[in-house]
Amino acid sequence: MKSQDTMLWEEFIGKRLLLVALSLGLITHGIIVYFTLPQTYDAYVHMFFADHYSRFWFEPWEYRWYTGFLTISYPPLVHQLLALISKVFPLKIAFSIYSIVIFEALIIGIYRFTKMFYSKQTAGVAAILAVVLSSLVETLHVYGQVPTLTGLAFLLNSLPFLYQYFKTSDWRYLIMAWAFIGVVVSSHHVTAIFGMVFFIAPTVLMALIDRHPELGKKNLFGRFFPDLLKVIWGNMWRILLFGVTTIILTITLIFPYWYWSRTDPISQVSIPHGSRDNFLEVTSSGLVFYIIPLLLIFALLPAISFLITRKKRHLGWAVSFYICLLLGSGGTTPLPRLMLGEAAFNILTLDRFGFWASIIAIPYMSHLLVSFLGGNIKNYWTKKYGETSHFLISGVSGFSYLLFIIYIFHLASFRPLQPKSVEIEPIINFLNRDDHMRWRFLTLGFGDQMAWLSSNTLAATIDGNYHSARRLPEMTSRAVERLENAKYLMEEGMASLNDFLTVAEKYQLKYVFSNDRYYDPLLFYTGWNRTISLENGIIVWEKGNISTIQPIKPKELNPLLKKAWGILPISTLLVAIGLTFVYLFYFKKTQEELVADEEVSIYPKPVIYLTAWLPFVMFSSFLVFQIYELLLIDEQKDPTTTIYSHFDDLDFQRFEEAFQFFTPGPSYSLDQYLLEKSVSDGGLLPSFAKLDALKIDTLELEENSAKMNVLSTWRTSLGNREKQEVMNLEKLGSKWYITPPKLDLEIPEEQVITYNYTLFKKMGKRKISSFPTVKDDRIKKPFAGFYQANLIQVGEEYNLTGELINADNIPITLALKAVVTYENDSSATFFPKTNFHYNLAPKASTWFQLPLGMQELEDQKKITSIRLELETDISERGYIRGGELGYKTLTETPDEMLFEASMKNPFTVEITIPGVLISEKDDLGRILQVDLWTYPKSIRSGLEGNFEIPFQKIGSNSKVLTHLPIELQINGQRRQMLDELPASQPSPNERISLLPHCFLSQEIYLQ
């Protein structure tokens, strides 16, 4: 046992160290958090929830995301506290203030948690360690997960009370434990649920063993487990009292959440998460989710393993630590999947288990640090190797870890997690004027800033950033995190985005705010028009003929549950704070202080040496590797590496860096390269594409020269494209360089090109009025007509095809849909996709195709009627189709054709994406299919593009179904087919016809 003087000294040192830790936490995290939160994953999401409670405290229905969802799907306490602080401070500052306050509470919790294991001096060191622990730094400054930190802070503060209750049977400790656990439940349900397993159970086990000291002396494989079961049985009523009451407390405090989970269960395709990857295969996921949070734990693992298995009182913690460490490894081994089950494995984010392992390890790492810096390990080391060696190894290890922590603080700089900051004020101003909030909007390329935009406006978006609340079938049927980052989710992400852009009318989606031109081709070919470029560079896209948001009845929730949701969670915090003051001033002074007297006098020599050198070796190696990757990697060591590096710079449009890989010389300057690139590389590739894969084959390889065949695969919003080219390389010194390509530059015949555009301007309001419209401003709907409409069966698939014309003298925008009614009185609505001209010049016509998918023509799903509905409105842009198209047939077989086409660009701007709309007709001139074909390169003004167009015919595999009449409606009125085709259209005898359908990225409509 320690002497009274020793205990007093350790108490003095421990409290001093706690104050130092609190000060360091305030200085470091308090200053930095405001600047790191914009780059975190979840900060803006929690601010959005806070904004909801700030506006609608007792109303859980949130209409701004996903056409509406219930906020009872997430415990409310943290968001409610943020909402209260935001009444005084701006929301970002409120989040920063709350983050640092809860981090200070977490430091205190770790201090008290460690006192269950070792002395107050060790607890003080643990508090300081918490300030710079990589897992905590990452959770706050990279993830922004303040509910997780809140739940953990109060959980750790509750454990000492729970320990003392089971050790002393004093019911007052039990009440304190319940008070703090109530806050945990109200803050983060996942921490509460798994905390019962990985934190509360080991605490109870430790308390019972400490209450019966003789139990710790029993042989582990002898009488220990039988006697332990007897002790547990003897305390069963206490365990049941705590367990049952805690479960009742958990259910009661957030009962609306459990009610929602039961009545509206999550049914969606699992969303991939990096924490479930195989970290040996996906090393980037391993870095973020395993190495960064746990590198210190791995460095000190020999000492942690020694201490955590040394005494039987640590048995529960040892089991929890190693299970969490294993589960945190994600899909690297099959064990986590087997332990959790397929369903839980695909739902949970497994990095939280590694995070909990790092928290469990804190007391043991702290004890090692105390011993190494001023205890038995230091005495051993200095006696054998001297003070200088101990000072050096302590210094270099500490300094390398400090650099490692600085790296984490700046992780978003080295590995950007979010797009560049978007100024949201221009977007808010746009939404606030002209009743734009009467429709839904969608953001593209915003990252998590889309939640920040939603936090500052009452306008609704079809997207969202809370996966558990998604119920829209276009989202839940695919592994799509959110629409705004669809391009990173490969085919499923773009397919889901394509669905929403196509069925915009279904969700009253009228505006798209684009921060990424990657999506421009898809937006154009699905009928969206660019309207304005805002002051912040965001492009606004608009779709015509979209109805305003219709009132949606919120999901019913008992008013009593609404009141409970707004009162009970915040009450738990008030109760915990009140009881804490009672404990500190009236109870703590009369009770024996919680201090564990366990000491470790001797460490095994292997543990001493490993823990002395591993931290320095691991952290130094990590930093050296990062520096090597960032600065020192030889990007031109061989031909293959040179090409990979060149394309990497091209992919991210770092053209100056990409130029460095060309053979240096006076004949090919950077200016020349950029000039040639500007006139030769426009179009779908690479202006609107991301590099997906490179396949490099060696054609010739000599000592100082090489010839390589490069097949690059690019992802575009219109699908994948491939480009093949041959590159010659030469070796100069120790580096390989690419021989600059020879540019066969086409020069227009004319030096000055003129083109007479007929542009139209819709004046809109002619009276200055705040009313949506006035009588004098109403415009008659433009007139359009159908030439044909056909129901086509191709195998098991069904399509609606046809042709229509703008019969008016002004350009129009079209909204076309088909309403299919079935025998059981149900109906479904279908929309065209990219194979349709959505904007037509005066007297211009277009073909269309609406995919109906697989349909049952018999039984209860038998189609009884089809109604084709067309809405028209005046268009100001998008009606210029493209250049002058000429084509001829090269080859033809029964199933396919190959065309040679040429397109001349007569405009004053380039044709960014040359496109062709192709229709196939039967012998009677009825359209069987319509397809869109695009060319990857642009056509400059005055030049002509030549290309070959392959086309798959379906004539032999298709059938025109005439037994179902197709009702036609235009602007709500029934119409009949027009009798004759326009003279400019191909005759019915021509089975294949082509129309230009081009995308012009430069806005000529505003000239």
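As a starting point, this report considers the structure included with it.

The rules we used
Residues numbered from 1 in each chain as written. Predicted model: local features only at pLDDT ≥ 70, side-chain atom pairs only at ≥ 80, totals over all residues. Heavy atoms only, no water. Pairing = 2+ DSSP bridges. Helix = DSSP H or I, 4+ residues; strand = E, 2+ residues; numbered from the N terminus. Axes fitted to C-alpha atoms, helices over the stretch in contact; angles between N-to-C directions. Phe/Tyr/Trp six-rings, centres within 6.5 Å; stacked < 30°, edge-to-face > 60°. Buried < 20%, exposed > 50% of the residue type's maximum accessible area, 1.4 Å probe, protein only. Core = buried A, V, L, I, M, F, W, Y, C linked by side-chain atoms within 4.5 Å. Contact = heavy atoms within 4.5 Å. Salt bridge = Lys/Arg side-chain N within 4 Å of Asp/Glu carboxyl O. Expected span 1.5 Å × (residues − 1). Patch = residues over 30% accessible without salt bridge, like charges linked within 9 Å, V, L, I, M, F, W, Y side chains within 5 Å. Areas by Shrake-Rupley, 256 points an atom, 1.4 Å probe, with all protein chains shown as cover. Lys, Arg positive; Asp, Glu negative; His and termini not counted. Charge placed at Lys NZ, Arg CZ, Asp CG, Glu CD.

Quick word on the sheet that holds strand 12 (residues 797-806)
If you trace the four strands from one edge of the open sheet to the other, you get 16-12-11-23, paired in antiparallel fashion. Looking at the sheet topology across the chains shown, the edges are occupied by strand 16 (845-854) and strand 23 (958-961). Strand-to-strand, the axes of this sheet are offset by a mean angle of 30 degrees, without reference to chain direction. Both strand 11 (residues 784-794) and strand 23 contribute to a ladder of four bridges, which runs antiparallel. Bridging from a neighbouring strand, Gln793 pairs with Lys959 of strand 23.

A closer look at the packing of aromatic side chains
Each aromatic ring pair is summarised here by two numbers: the centre-to-centre distance and the angle between the ring planes. Considering all chains together, one arrives at 74 aromatic pairs under this definition. Relative to Trp65, the ring of Phe48 has its centre 3.8 Å away and its plane inclined at 5 degrees; by these criteria the two rings are stacked. Here the residue Phe48 occupies a position in helix 2 (residues 43-55), and Trp65 occupies one in the loop between strand 1 (61-62) and strand 2 (69-70), the gap between them amounting to 17 residues. Given a relative accessible area of 1%, Phe48 falls into the buried group. Considering the side-chain rings of Tyr407 and Phe622, the 5.4 Å spacing of their centres and the 80 degrees angle between planes classify their relative orientation as edge-to-face. You can see Tyr407 sitting in helix 20 (residues 387-409) and its partner Phe622 sitting in helix 28 (residues 605-632), a full 215 residues away along the chain. Of the residues examined, Tyr407 reaches a relative accessible area of 5% and is grouped as buried. On the accessibility criterion, Phe622 (10% relative accessible area) is buried.

Digging into the nonpolar core
Within the largest apolar cluster, 216 residues are counted, with the highest numbers of intra-cluster contacts made by Leu136, Phe199, Trp317, Met365, Leu497 and Phe513. Looking at this core element by element, the count peaks at 13 residues for helix 7 (residues 146-168). Setting aside residues up to four positions removed in sequence, Leu136 forms contacts with Phe103, Leu106, Ile110, Ala130, Leu149, Leu152, Phe355 and Ile359. Tyr798, Ala818, Tyr822 and Leu870 belong to the second-largest nonpolar core, a separate cluster that totals 30 residues.

Remarks on the pattern of salt bridges
Per the counting criterion, the structure on display carries 29 salt bridges. As a salt-bridge pair, Asp51 and Arg55 come within 2.8 Å of each other at their nearest N and O atoms. Highlighted residues: Asp51 and Arg55, both in helix 2, separated by four residues, approximately one helical turn. The shortest N-O distance in the salt bridge between Asp648 and Arg654 comes to 2.8 Å.

What about helix 4 (residues 91-115)?
The end-to-end C-alpha separation of helix 4 is 36 Å, in line with the 36 Å expected for 25 residues at 1.5 Å each. Burial within helix 4 is extensive, with 19 of its 25 residues counted as buried.

Let's talk about a negative patch on the surface
On the surface, Asp744, Glu746, Glu884 and Glu944 cluster together into a patch of negative charge. Along the polypeptide, Asp744 turns up in the loop between strand 10 (735-738) and strand 11. You can call Asp744 exposed: its relative accessible area is 73%.

Some details on the side chain of Ser645
With respect to the element layout, Ser645 can be found in helix 29 (residues 639-651). Judged by relative accessible area, which is 11%, Ser645 ranks as buried. Sequence-distant contacts of Ser645, defined by excluding residues within four places in its chain, comprise Glu635 and Phe661.

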